[in-house]
Amino acid sequence: MIKFLDLHKINARFENDFQNKFKHFMDSGHYILGSEVERFETDFATYCGTEYCIGTANGLDALTLIFKGYIHLGKLRPKDEVLVPANTYIASILSIINAGLQPVLVEPDLETYNISPEEIEKHITKNTKALLVVHLYGQLANMNAINAIAASHRLLVIEDAAQAHGAVENSNLKIPNPKLKKAGNLGHAAAFSFYPSKNLGALGDAGAVTTNDKDLAETLKLMRNYGSSKKYVNEIIGVNSRLDELQAAFLNIKLKCLDADNAKRQSIAKRYLQEISNDKIALPFYSGAKDHVFHVFTIRVADRSGFVAYLQSHDIGHLIHYPIAPHHQKALENFRHHTFPLTEKIHDTIISIPISPVMTEDEVYRVVEILNVY
Ligand SMILES: *Cc1c(COP(=O)(O)O)cnc(C)c1O
């Protein structure tokens, strides 16, 4: 059996360090917003190349807080329109709705599955005030084009970087740019999730916002903690969405391994792309650079249910990202009357095969072999 993702094996690599950290944490008697959260915020901001990082309870809260923060600062107003890819994970869309803004779904590009800059331009109205760009499956969206459009229409650019920790922009340029930028530093603000299965995953829920915007950072630092920086003094309307101290301790240990883990994912992806050869399987686009960290490796097949049965009969783990398009979800009934042909095509044919930093060469070989015989 080749698991889709062996989370125990991923974390077992750090077990001793985790246990030492837990003992230290337990003995400290300080369990909320302590030195581990502070260290993670400093180190993750440095890692992303941003001025600020604010830890949150999860990725959805990180996204929602960015929007609420901009509303608080007067840069967004209730009901403003935010463009978002139609084929994203539903969290992106929920964050816009939960902040009291209006999501406008935009079709992706069928090659990269990321939001299409041409489609963005078609959907900009006088009510459009922000773009929520998702680096889906770990591949950076076309930020050069997107930031140019945003600048000419004075739009905020928010990254949903929940699947793209450590992805580096423009790393394939012939002339190397000394100031390579990473996910989290490619717009005005970015949200990360450290849900256990993400490229940088905690052992529970965790998230963060990165930004170079001082006002936003200061607002979110208050907002995630009851609007308070001093106990029992509340300056703004806040929520409770603090990054958990113990999860921050785990993340501090795992952050050191993120680049190596992403490199391993990229090397497996390269093998898949070179070695899988089957007319019935459409492989993903990959430039070969560091702008894709392969949160998942997605392929497309016409007869997906037949393919799933085939994988099951050969004990190959798999998952569908995602089986139901957001506009077909009951929760988003208001969007039912829209049609998004590319999004629907993706949702009907996409399927993800195993990829992880702890997969062995033999396992990769086995997946290739099974797929080539399909
Ligand atoms: C995981 C994920 C989120 C939400 O993160 P949580 O920590 O589960 O709240 C948001 N957007 C995308 C694209 C994700 O993959």
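Just so you know, these numbers come straight off a predicted model, no measurement behind them.

Rules used in this analysis
Residues numbered from 1 in each chain as written. Predicted model: local features only at pLDDT ≥ 70, side-chain atom pairs only at ≥ 80, totals over all residues. Heavy atoms only, no water. Buried < 20%, exposed > 50% of the residue type's maximum accessible area, 1.4 Å probe, protein only. Helix = DSSP H or I, 4+ residues; strand = E, 2+ residues; numbered from the N terminus. Contact = heavy atoms within 4.5 Å. Near = heavy atom within 4 Å. Polar contact = N/O pair within 3.5 Å; in protein donor to acceptor, adjacent residues only side chain to side chain. Areas by Shrake-Rupley, 256 points an atom, 1.4 Å probe, with all protein chains shown as cover. Nonpolar A, V, L, I, M, F, W, Y, C, P; charged D, E, K, R; others polar. UniProt positions renumbered as here; feature names shortened; annotations may be inferred. Core = buried A, V, L, I, M, F, W, Y, C linked by side-chain atoms within 4.5 Å. Pairing = 2+ DSSP bridges. Right-handed = clockwise from strand over helix to strand, strands pointing away. Domains from an automatic or database assignment. Buried area = accessible area lost by both parts, 1.4 Å probe. Salt bridge = Lys/Arg side-chain N within 4 Å of Asp/Glu carboxyl O. Axes fitted to C-alpha atoms, helices over the stretch in contact; angles between N-to-C directions. Phe/Tyr/Trp six-rings, centres within 6.5 Å; stacked < 30°, edge-to-face > 60°. Lys NZ or Arg CZ within 6 Å of the ring centre and 35° of its normal.

For helix α9 (residues 245-255), give the residues involved together with the corresponding values.
Counting buried residues along α9, eleven of its eleven residues qualify, which places the element largely inside the surrounding structure. Tucked into the core, α9 has its buried residues touching α1 (7-12), α2 (15-28), α3 (35-48) and α10 (258-275).

Let's hear about the site of the ligand: which residues, and what values?
In the vicinity of the ligand, the residues found are Asn58, Gly59, Leu60, Tyr89, Ala91, Val134, Asp160, Ala162, Gln163, Ser193, Tyr195 and Lys198. The contact in question runs from an oxygen atom of the ligand to an N or O atom on the side chain of Lys198, over 2.6 Å. Across the complex, the protein chains shield 90% of the 380 Å² of accessible surface that the ligand would expose by itself. In terms of residue class, the shell around the ligand is made up of six nonpolar, four polar and two charged.

How would you explain the UniProt feature "active site" (unreviewed entry) in the chain if you had to name every residue and give the values?
The feature "active site" (unreviewed entry), as annotated in UniProt, sits at Lys198 in this numbering. Following the sequence through the fold, Lys198 ends up in the loop between β6 (189-193) and β7 (207-211). Sequence-distant contacts of Lys198, defined by excluding residues within four places in its chain, comprise Ala162, His165, Ser193 and His295.

Explain the nonpolar core to me, using residue names and the numbers behind them.
Within soluble globular proteins, side chains that are nonpolar tend to cluster in buried spots. Ranked by size, the top nonpolar core spans 41 residues in total, and within it Phe40, Phe44, Leu131 and Phe194 carry the most contacts. For this core, the secondary-structure elements that each account for two or more residues are α3, β3 (102-106), β4 (128-134), α7 (143-153), β6 and α9. With six residues, the top contributor of residues to this core is α3. Ignoring sequence-local partners within four residues, the contact set of Leu131 consists of Val82, Leu83, Ile120, Ile146, Ala150, Leu155, Leu156, Val157 and Ile158. The next biggest cluster of nonpolar side chains, apart from the first, holds 33 residues, and it includes Ile54, Val82, Val84 and Ala191.

I'd like a description of the pairing of β4, backed by residues and values.
A regular strand carries its side chains on alternate faces of the sheet. For β4, the tally of buried residues reaches six of seven residues, placing the bulk of the element in the interior. Here five bridges tie β4 to strand β5 (residues 156-160), and the two strands are oriented parallel to one another. Counterpart to Leu131 in the pairing with β5 is Val157. The β-α-β motif built from β4, the intervening α7 and the parallel element β5 has right-handed crossover chirality.

Hey, could you go over the domain arrangement of the chain for me, with residue numbers and the actual values?
Taken domain by domain, the chain comprises domain 1 (7-106 + 114-255) and domain 2 (258-372). Computed over C-alpha atoms, the centres of domain 1 and domain 2 are 24 Å apart. Every contact between the two is made by 32 residues of domain 1 and, on the other side, 32 residues of domain 2. Summed over both partners, the interface of domain 1 with domain 2 buries about 2,800 Å², with 61% contributed by carbon and sulfur atoms. Among the residues of domain 1 in contact with domain 2, Tyr137, Gln139 and Asn199 are the three that bury the most area, contributing 26% of the side total. Inspection of the domain 1/domain 2 interface yields one salt bridge. In this structure, the connection of domain 1 to domain 2 is made through 16 residue pairs in polar contact (both at pLDDT 80 or more).

So what about the sheet that holds strand β1 (residues 52-56)? Which residues, and what values?
Pairing is mixed in the open sheet, where seven strands are placed in the order β1-β7-β6-β5-β4-β2-β3. Both edges of this open sheet fall to β1 and β3, since each of them pairs with a single strand only. The average angle at which neighbouring strand axes cross in this sheet is 20 degrees, direction not considered. The pairing of β6 with β7 spans five bridges and is classified as antiparallel. Bridge pairing in β7 links Phe192 to Ala208. Across the sheet, α3 touches β1, β6 and β7, and the angle it forms with β1 is around 130 degrees. In the packing of helix α8 (residues 214-223) onto the sheet, contacts are made with β1, β6 and β7, and the angle to β1 comes to roughly 25 degrees.

Give me the lowdown on the packing of aromatic side chains, citing residues and values where you can.
Counting across every chain of the model gives 17 aromatic pairs. Ring centres of Phe40 and Phe44 lie 5.2 Å apart, and the angle between their planes is 15 degrees; on these two criteria the pair is classed as stacked. Taken together, the residues Phe40 and Phe44, both in helix α3 and four residues apart, mark about one turn of the helix. Of the two residues, Phe40 and Phe44, both sit in the buried class. The interplanar angle of 0 degrees and the centroid separation of 6.4 Å between the aromatic rings of Phe192 and Phe194 together place this pair among those described as stacked. Residue Phe192 is classed as buried on the basis of its relative accessible area of 0%. Three or more aromatic residues link up through ring pairs in this structure, and these residues are Phe40, Phe44, Tyr47, Phe192 and Phe194. Sitting above the plane of the Tyr47 ring, Lys182 keeps its charged end 3.7 Å from the centroid. Lys280 extends its terminal NZ or CZ atom over the ring of Tyr374, reaching a point 5.2 Å from the ring centre.

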